[in-house]
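# Observations on the model geometry
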There are 2 protein chains.
Amino acid sequence: MKVVALAGGVGGAKLVDGLAQVLPEDSLTVIVNTGDDFEHLGLRICPDLDTVCYTLAGIANPVTGWGRAGETWHALEALDQLGGPAWFRLGDYDLGVHLERTRLLSIGKTLSQICQHFCSIWEIKPHVLPMSDYQVATIVHSDEGDLPFQDYFVKRRCEPQVSGFSFEGAGQANPAPGVLEGINNADLIVICPSNPWVSIDPILAVQEIKSAIVNRDNGTPVIAVSPIIQGKTIKGPAAKMFSELGINPSASNVAKHYGSLQERGFLSGFVIDDLDVNERASIDKLGLSSIVTNTIMKTEEDRKELANVILRYAGLHFEL
Amino acid sequence: MKVVALAGGVGGAKLVDGLAQVLPEDSLTVIVNTGDDFEHLGLRICPDLDTVCYTLAGIANPVTGWGRAGETWHALEALDQLGGPAWFRLGDYDLGVHLERTRLLSIGKTLSQICQHFCSIWEIKPHVLPMSDYQVATIVHSDEGDLPFQDYFVKRRCEPQVSGFSFEGAGQANPAPGVLEGINNADLIVICPSNPWVSIDPILAVQEIKSAIVNRDNGTPVIAVSPIIQGKTIKGPAAKMFSELGINPSASNVAKHYGSLQERGFLSGFVIDDLDVNERASIDKLGLSSIVTNTIMKTEEDRKELANVILRYAGLHFEL
């Protein structure tokens, strides 16, 4: 059984980790958002790719969910003392990764080659792929103007009111090697509980990826997990974004955002949290199958349990 | 009284620190070798400038003499784990400095502006100047070919046999702002106990600096401190270099290397260690004044004491 997961930040990484633990080796491909990537202090920084890899490698910071376990901040401290731009929290171990990635890019390696190389050293079993080797930049349209994603997310702490998003370079970006093969060979595609606007949509902004999913063999289910629970998120600005865009932040509106196959979207099934059982009626109206389960991943066990629930759901309802 | 010191690595930094402690504020200008500077991992690294500044700021590693006190090596550890080039030991605090310097260079600041900015934050009183804002690169000619300085010094641990040196870019390099004014207004010029071949010579390879010293008002003494004691150095490859170039490593041969004024060199006086008292006869033959004192700076007190001895020597013998 081949599973493809589309993932962004911390929530996505947790589910990916659960899937990696319950699936047989070699059956999971993860397509990761790189719309958050940016150049900072001359370094190429890929927050979502690193969050997924650190999590799968077991070296993620268990408290923050991003960054590395046992991290120190001495380089940033020195830079800050000198009046340098310390708003983006770069830990020392993390910095070593950015330095090596930047060096490898400078000698002509692609992001996906570098990712594969790092995954091999970190003994990461799933195939982790950036969505593209081309640079795609998520731009947040806001009441403070158009902001590069990290300026909005980190520097401005998601305070500006958003009015929309664009993905610079997505029109020209090809999927990274392995992405289309992964989708075309998948028995199941999982959309992780990541921010729809800025974690999943950038991936789908790469046209060939979206086409491959939308035009897939109808037998391959696409199951999304709602990142919105009770109108809120565990982490990140997804709920705030829905509100500012004039959409009630609810699990059913996440489902509407992706759209059911019936409505020319691409979802086959949807996973909502136990706390959102009353959302089912609205989801039914979309002609979309759904299940209710615990989606809050506090422990390692929760990750595996959610992964197992999704796999059972896929097997039972979509006859894998 | 205005004093100018020419300095390179650890020994130079120690004497500069002694001078800074015994001289009144605003009377010391330090001209630092930048021939060791190089680009590594996309960063501009200035080892001698940093050694001098860290020492003067009181944040140098007291054990190694270079790098920072309380340093950690996490970024390098992460880079090393990924198979990156970890041969050049970059500590985390140190890295923060290189990141900010590189960023400031990338937005058009000059090395001397950046140095002044860092010195002001680190509350360094002496005027610390890079020899030039232009890049000059020390090249070591060796039995393994021409090696960039850090390849010879760090990567190859000074093992190749040297046959000479060149200073790429020195012909086009102007002295940094303040360097010529410092020399022209100096009452005393001190050549620190730094490596003559690769710490002091690169500074003198900037033609206007050498001319300003050689053609100075005769009243301004130039006093050098021998980095060679008993045919050896406290640190670094100077003695090995003398030998490989077919010159006996001795204090008197350091004096010969710089040359006395009488011989169209530029030294007025020379300081040798107590252990090298038998070198005086050869130095006398050069028509060069000399004194014998302890030049081994093990403690803070030793630094100040040597600085005081040099100042007294300059005052007594050269009627400052």
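Structure: above.
Residues numbered from 1 in each chain as written. Chains lettered and ligands numbered in written order. Predicted model: local features only at pLDDT ≥ 70, side-chain atom pairs only at ≥ 80, totals over all residues.

### Structural notes on the overall build of chain A
Basically, it comes down to this: By the criteria applied, helices consist of DSSP H or I runs no shorter than four residues and strands consist of E runs no shorter than two, each listed in order from the N terminus. Only C-alpha atoms enter the radius of gyration; for comparison, a globular chain is expected to reach 2.2 Å times N to the power 0.38, where N is the number of residues. We call two residues in contact when the distance between their C-beta atoms, placed using the backbone, is within 7 Å.
Each helix and strand in chain A was counted, giving 13 helices and 12 strands. Radius of gyration (C-alpha) of chain A: 19 Å, near the 20 Å computed for a compact globule of 320 residues. A principal-axis box enclosing the C-alpha atoms of chain A has dimensions of 55 × 45 × 40 Å. A separation threshold of at least 6 residues defines the contact pool for chain A, and within that pool the share at least 24 residues apart is 67%.

### Observations regarding the packing of helix α1 (residues 10-22) of chain B against helix α13 (residues 300-318) of chain B
Residues and elements named next belong to chain B. This is how the line gets drawn: Every axis corresponds to a line fitted to the C-alpha atoms, with the helix fit spanning only the stretch in contact, and the corresponding angles, defined between N-to-C directions, vary from 0 to 180 degrees. Orientation is classified from the angle alone, with under 35 degrees giving roughly parallel, over 145 giving roughly antiparallel, 65 to 115 giving roughly perpendicular, and any other angle giving oblique. Asp, Glu, Lys and Arg are counted as charged, while Ala, Val, Leu, Ile, Met, Phe, Trp, Tyr, Cys and Pro are counted as nonpolar; the rest, among them Gly, fall into the polar class.
Interhelical geometry of α1 versus α13 gives an angle of 70° and a closest axis separation of 7 Å. Looking at the two axes, α1 sits roughly perpendicular to α13. Of α13, the residues touching α1 (which contributes K14, L15, D17, G18, L19, Q21 and V22) are R303, K304, L306, A307, N308 and L311. Split into classes, the residues belonging to the contact of α1 with α13 amount to six nonpolar, three polar and four charged.

### What about the packing of helix α1 (residues 10-22) of chain A against helix α2 (residues 47-57) of chain A?
What describes two packed helices is the angle between their axes and the distance between those same axes. All names here are of chain A. Put simply, the rule reads: Whether a crossing is left-handed or right-handed is set by the direction in which the near helix is turned from the far one by less than a right angle, anticlockwise for left-handed and clockwise for right-handed.
Between α1 and α2, the shortest axis-to-axis distance is 9 Å and the interhelical angle comes to 35°. Helix-helix and strand crossings are classified by hand; for α1 and α2 the assignment is right-handed. On α2, the residues that touch V10, G12, A13, K14, V16, D17 and A20 of α1 are T51, V52, T55 and L56. Residues belonging to the contact of α1 with α2 are distributed by class as follows: six nonpolar, three polar and two charged.

### What to know about the nonpolar core
Heads up, the condition is: Put simply, a nonpolar core is a cluster of buried Ala, Val, Leu, Ile, Met, Phe, Trp, Tyr and Cys residues tied together by C-beta atoms within 7 Å. Counting other C-beta atoms within 10 Å of a residue's own tells you its class, since 20 or more makes it buried, 12 or fewer makes it exposed, and anything in between is partly exposed; those C-beta atoms are placed from the backbone.
Core analysis: the biggest nonpolar cluster contains 211 residues, and A5 and V16 of chain A together with A5 and V16 of chain B have the highest contact counts within it. Ignoring any residue separated from it by four or fewer positions in sequence, one finds V16 of chain B in contact with A5, A7, V30, V52, T55, L56 and C192 of chain B.

### Regarding the relation of the copies chain A and chain B
The operation relating the pair of chain copies consists of a rotation about an axis and a translation along that axis. Quick reminder of the rule: Least squares is used to superpose the copies, and the fit set is the C-alpha atoms of residues whose pLDDT is at least 70 in both copies.
Least-squares fitting of chain A to chain B yields an RMSD of 0.0 Å, with the superposition described by an axial translation of 0.0 Å and a rotation of 180°. Both copies are brought into coincidence by an operation consistent with a two-fold rotation axis. Minimal C-alpha separation from the rotation axis in chain A is found for D92 of chain A, amounting to 3.1 Å. Comparing interface residues between copies, 100% of those in chain A also lie at the interface in chain B; the contact surface is shared.

### As for the sheet that holds strand β11 (residues 269-273) of chain B
Residues and elements named next belong to chain B. The line we're drawing: Paired strands, as defined in this entry, are two strands with at least two bridges between them according to DSSP.
Pairing is parallel in the open sheet, where seven strands are placed in the order β5-β2-β1-β9-β10-β11-β12. Lying at the two open borders of the sheet, with one neighbouring strand each, are β5 (127-130) and β12 (289-293). When the angles between neighbouring strand axes are averaged without regard to direction, this sheet yields 20°. As judged from the five bridges shared by β11 and β12, these two strands associate in the parallel manner.

### Quick word on the pairing of strand β1 (residues 3-7) of chain B
All names here are of chain B. Put simply, the rule is: Handedness of a crossover is defined as follows: with both strands directed away from the viewer, a clockwise route from the first strand across the helix to the second makes it right-handed.
Burial of β1 is extensive: five of the five residues sit out of reach of the surface. Side-chain alternation along β1 places V3, A5 and A7 on one buried face and V4 and L6 on a second face that is also buried. In terms of strand pairing, β1 meets strand β2 (residues 28-32) through five bridges, oriented parallel. Counterpart to L6 in the pairing with β2 is I31. In this view, the connection linking β1 to its parallel neighbour β2 by way of α1 has right-handed handedness. Inspection of the sheet shows β1 paired to strand β9 (residues 188-191) by four bridges, in the parallel sense. Across the sheet, L6 pairs through a bridge with I191, a residue of β9.

### Looking at the sheet that holds strand β7 (residues 145-148) of chain A
What links the strands of a sheet is backbone hydrogen bonding, and the strands pair in either a parallel or an antiparallel sense. Residues and elements named next belong to chain A. Strand order in the open sheet formed by three strands is β7-β6-β8, with antiparallel pairing between adjacent strands. Of all the strands in the sheet, the pair left with one neighbour each is β7 and β8 (162-168). Between one strand axis and the next, the sheet turns through 25° on average, direction left out of account.

### Quick notes on the interface of chain A and chain B
Listed per partner, the contact involves 25 residues of chain A and 25 residues of chain B. Breaking the side of chain A that touches chain B down by element, the ones donating at least two residues are α3 (74-81), α4 (92-106) and α5 (111-121) of chain A. Per-element tally for the side of chain A that touches chain B: the top contributor is α4 of chain A, with 10 residues. Taken together, the residues that form the side of chain A that touches chain B break down as 12 nonpolar, nine polar and four charged.

### Remarks on the environment of G178 of chain B
Positionally, G178 of chain B belongs in the loop between β8 (162-168) and α7 (179-184). If sequence neighbours within four positions are ignored, G178 of chain B has contacts with T29, H127 and L129 of chain B.

### Things to note about the environment of N195 of chain B
Residue and element names in this part refer to chain B. When you line up the elements, N195 lands in the loop between β9 and α8 (196-204). Residue N195 is classed as buried on the basis of its C-beta count, with 27 C-beta atoms lying within 10 Å. Taking C-alpha positions, N195 is 31 Å from G108, a pair spaced 87 residues apart along the chain. Not counting residues up to four positions away in its chain, the partners in contact with N195 are G8, G9, P227, G236 and A238.

### Focus: α1 of chain A
Because each turn of an α-helix spans 3.6 residues, side chains separated by three or four positions in sequence point in the same direction. To be explicit about the condition: A helix is expected to span 1.5 Å multiplied by its residue count minus one.
Helix length check: α1 of chain A (13 residues) gives 19 Å between terminal C-alpha atoms against 18 Å at 1.5 Å per residue, within 8%. Within the sequence span of α1 of chain A, burial applies to V10, G11, G12, A13, K14, L15, V16, D17, G18, L19 and A20 of chain A.

### With respect to unusual backbone geometry
All names here are of chain A. At R157, a position not held by glycine, the phi torsion is positive, near 45°. Looking at the element boundaries, R157 is found in the loop between α6 (149-155) and β8. When the 10 C-beta atoms within 10 Å are taken as the criterion, R157 is described as exposed.

### So, the environment of I203 of chain B
Residues and elements named next belong to chain B. Summarising the element assignment, I203 is placed in helix α8. Each C-alpha atom, one on I203 and one on D273, is 24 Å from the other, the two residues being 70 residues apart in sequence. The residues touching I203, leaving out its near neighbours within four places in the chain, are L6, I31, N33, M131 and I209.

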